[in-house]
Amino acid sequence: MSEKTINVLIIVDTYATVNGTTTVYMVDDNGDASQGSRELNIQCEVGDTINWFVTSILPTWGCVLTEFTPEGGTSVMNPINENGVWTAYVSGTGTNVPYTFTFTINGQPGTYTWDPYITVT
């Protein structure tokens, strides 16, 4: 069982997003092959911890991750929000398991969502 921590940075093009095209890029410190894409597939193992952070390309338009929904419930991970950072302990296995994040853009009405993947071996 692994016990590493993987940090994921979510970069939101807030200007494009509020103008109708939700644009998100994701990178992690795990070296995953889909770095810099909207569909980062995090490769991890049971026992790992994943932390998600969000930032905006426009520094004056901050973003906040408001909700995290694992597909099929909490069979792979059970995320919690700790002081604005979403953290999940990986507890089960699965391939290309989607999850959904909801976020807000400061000063803008409404919420936005997207659904990357996680693979746990």
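Numbering of residues begins from 1 in every chain and follows the order in which that chain's sequence is written. Local features in a predicted model are, by the rule used here, given only for residues with pLDDT of at least 70; side-chain atom pairs are given and counted only at 80 or more, and totals for whole chains, interfaces and linings are based on all residues. Side-chain numbers come from the whole structure's heavy atoms, not from hydrogens or water.

Caption draft 1: How the structure looks around the overall build of the protein. The helix count covers DSSP runs of H or I at least four residues long, the strand count covers runs of E at least two residues long, and both are numbered beginning at the N terminus. For the protein, the helix and strand inventory stands at one helix and 10 strands. Counting from the amino terminus, helix and strand elements in the protein follow one another as β-α-β-β-β-β-β-β-β-β-β. Relative to the compact-globule value of 14 Å for 121 residues, the protein shows a C-alpha radius of gyration of 14 Å, a close match. Along the longest, intermediate and shortest principal axes, the C-alpha atoms of the protein span 40 × 25 × 25 Å. Here the protein holds 121 residues, and 40% of them are scored as buried. Two residues form a contact once any of their heavy atoms are found within 4.5 Å. A separation threshold of at least 6 residues defines the contact pool for the protein, and within that pool the share at least 24 residues apart is 59%. Approximately 5900 Å² of the protein is accessible, and the part contributed by carbon and sulfur atoms is 50%. Atoms considered for the radius of gyration are the C-alpha atoms alone. The globule rule reads 2.2 Å times the number of residues to the power 0.38. Relative accessibility decides the category of a residue: with a 1.4 Å probe and only protein chains considered, values under 20% of the type maximum give buried, values over 50% give exposed, and everything between is partly exposed. Areas reported as accessible are Shrake-Rupley estimates using a 1.4 Å probe. Residue values count occlusion only from the protein chains shown.

Caption draft 2: Spatial organisation of the nonpolar core. What is meant by a nonpolar core is a set of buried Ala, Val, Leu, Ile, Met, Phe, Trp, Tyr and Cys residues, joined one to another through side-chain atoms within 4.5 Å. Within the largest apolar cluster, 28 residues are counted, with the highest numbers of intra-cluster contacts made by I10, I42, W52 and I118. No other element matches strand β8 (residues 94–105), which puts five residues into this core. What I42 contacts, discounting residues up to four positions off in sequence, is I6, V8, D28, D32, I50, W52, Y99, Y117, I118 and T119.

Caption draft 3: Just the packing of aromatic side chains, in detail. Working definition: rings of Phe, Tyr and Trp (its six-membered ring) pair if their centres are within 6.5 Å, and the pair is stacked with planes under 30 degrees apart, edge-to-face with planes over 60 apart, and tilted otherwise. Within the structure shown, the criterion is met by 11 aromatic pairs. Their ring planes at 25° and their centres at 5.9 Å tell us that F68 and W86 sit as a pair that is stacked. Of this pair, F68 sits in strand β5 (residues 63–70) while W86 sits in strand β7 (residues 85–90), and the two are 18 residues apart along the sequence. The pair F68 / W86 is uniform in exposure class, with both members buried. A ring pair is formed by F103 and W114, whose centres lie 5.0 Å apart and whose planes are at 70°; its orientation type is edge-to-face.

Caption draft 4: Representation of the sheet that holds strand β4 (residues 49–56). DSSP bridges decide pairing: two strands pair if at least two such bridges lie between them. Spatial strand order, β2-β1-β4-β7-β6: five strands in an open sheet with mixed pairing. In this open sheet, the two edge strands, each paired with only one partner strand, are β2 (24–28) and β6 (77–82). Each strand axis lies, on average, 25° off the axis of its neighbour in the sheet, ignoring direction. Across eight bridges, strand β1 (residues 5–12) lies against β4 in parallel orientation. The residue of β4 that forms the bridge with I11 is T55. Interaxial angles span 0 to 180 degrees and are taken between N-to-C directions of axes, which are lines fitted to C-alpha atoms, for helices over the stretch in contact.

Caption draft 5: Representation of the environment of S75. Mapped onto the fold, S75 is located in the loop between β5 and β6. Along the backbone, S75 and L65 are 10 residues apart, and their C-alpha atoms lie at a distance of 21 Å. What S75 contacts, discounting residues up to four positions off in sequence, is S91 and G92.

Caption draft 6: Main features of the side chain of T17. Note on placement: T17 falls in helix α1 (residues 14–18). At a separation of 3.1 Å, a polar atom in the side chain of T17 contacts the main-chain amide nitrogen of T23. Once residues lying within four places of it in the same chain are set aside, the contact partners of T17 are V12, T22, T23, F103, I105 and Y112. Polar contact is defined as a pair of N or O atoms within 3.5 Å, subject to the rule that within protein one atom must be able to donate a hydrogen and the other to accept it, and that residues adjacent in sequence are counted only when both atoms are side-chain atoms.

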